[in-house]
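Residues per chain are reported as follows:
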Amino acid sequence: PGLLVVIPARNEAGVLGECLPSLVAQSGAFSRLVLVDDRSTDDTRAVASAIAAGAPEPGKISVIAGEEPPRGWTGKTHALATGLRAAGGSFEWILFTDADIRHPPGSIAALLEKATSECRDLVSVMVRLRAETFWEKLLIPPFVWFFQLLYPFRRVAEPASRVAAAAGGCILIKCEMLEKAGGLEAIRSAVIDDVGLAKLVKRSGGSLWLGLDPEMLSLRGYANLREITRMVARTAFDQLVYRYSLVIG
């Protein structure tokens, strides 16, 4: 199929060696893969380039440098847009996935099967988050439950429901629908770009599906309470419109 994979990566040298090969091994399922080094200060680009050079089909894989986002754009959304521009050509599907996600074998084919068999325009998977340190074990499971409380997966998939959500670590979207919804420019300033994209698609008449995959793993770690607090502050708190009363509720 005409499928493009776009991966934004910023300071991911420590996990790319495990995550990127899990996608490269599925090169038969995509037409092109573009990794955007989003102004990393570590060896992200060098690690990614080495993996690309050793790929079974290296001609399908590109590692490019990202740029400072223009005013009004968030960094990740601009990196995704940069990857789309660099890919050029025409594709039927786009897979946006994070650089810290380790995909199980056949994940791309499974996503496509889900989308095509159920006529979905956007299919997203909430990956299994790492829970190894004390604070991760204490707070990550409630955070996932909180997300499901805000966005019940069953209601996300119902066309009549106004609930719309996606998990930014893994989003498969039909190109035609992305254009119809206004493209990435329509969510250029969104802090929660994944949920923003899902809302645009649903408002444009698109069909969504959101689920969990325990075999798809995020290797991003949170060593202490401060790191988890920062993550929650820039995600969950934004979804609650920065209202402490809703947090207490």
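Up top you'll find the structure we're talking about.
Everything numeric in this text was worked out from a predicted model, so none of it was measured. (Residues numbered from 1 in each chain as written. Predicted model: local features only at pLDDT ≥ 70, side-chain atom pairs only at ≥ 80, totals over all residues. Heavy atoms only, no water.)

Trainee: How would you explain the overall build of the chain if you had to name every residue and give the values?
Mentor: Secondary structure assignment for the chain yields 11 helices and eight strands. A compact globule built from 249 residues should have a C-alpha radius of gyration of about 18 Å, and the chain, at 17 Å, falls within 12% of that. Taken along its principal axes, the extent of the C-alpha atoms in the chain is 50 × 40 × 40 Å. Out of the 249 residues belonging to the chain, those deemed buried represent 51%. Long-range pairs, those at least 24 residues apart, make up 81% of the contacts in the chain between residues at least 6 apart in sequence. A total of about 12,000 Å² of accessible surface is found on the chain, and carbon and sulfur atoms cover 54% of it. Charge separation in the chain, taken as the distance between the mean sites of 28 positive and 27 negative side-chain charges, equals 6 Å. (Helix = DSSP H or I, 4+ residues; strand = E, 2+ residues; numbered from the N terminus. Rg over C-alpha atoms; globule rule 2.2 N^0.38 Å. Buried < 20%, exposed > 50% of the residue type's maximum accessible area, 1.4 Å probe, protein only. Contact = heavy atoms within 4.5 Å. Areas by Shrake-Rupley, 256 points an atom, 1.4 Å probe, with all protein chains shown as cover. Lys, Arg positive; Asp, Glu negative; His and termini not counted. Charge placed at Lys NZ, Arg CZ, Asp CG, Glu CD.)

Trainee: Residue-level account of unusual backbone geometry, with values.
Mentor: Of note in this structure, Arg39 is not a glycine but carries a positive phi near 60°. Turning to its location among the elements, Arg39 is positioned in the loop between strand S2 (32-37) and helix H2 (44-53).

Trainee: Go over the packing of aromatic side chains, please, and point to the residues and values.
Mentor: Taken as a whole, this structure holds three aromatic pairs when the rule is applied. Both rings, one in Phe134 and one in Trp135, keep their centres 5.0 Å apart while their planes meet at 75°; by these two values the pair is edge-to-face. A centroid spacing of 5.3 Å and a plane angle of 55° characterise the contact between Phe147 and Tyr151, whose relative ring orientation is tilted. By the burial criterion, Phe147 is buried, and Tyr151 matches it. Taken together, the ring pairs in this structure connect Phe147, Tyr151 and Phe153 into an aromatic cluster. In this structure, Lys60 packs its charged tip against the face of Phe30, placed 5.7 Å from the ring centre. (Phe/Tyr/Trp six-rings, centres within 6.5 Å; stacked < 30°, edge-to-face > 60°. Lys NZ or Arg CZ within 6 Å of the ring centre and 35° of its normal.)

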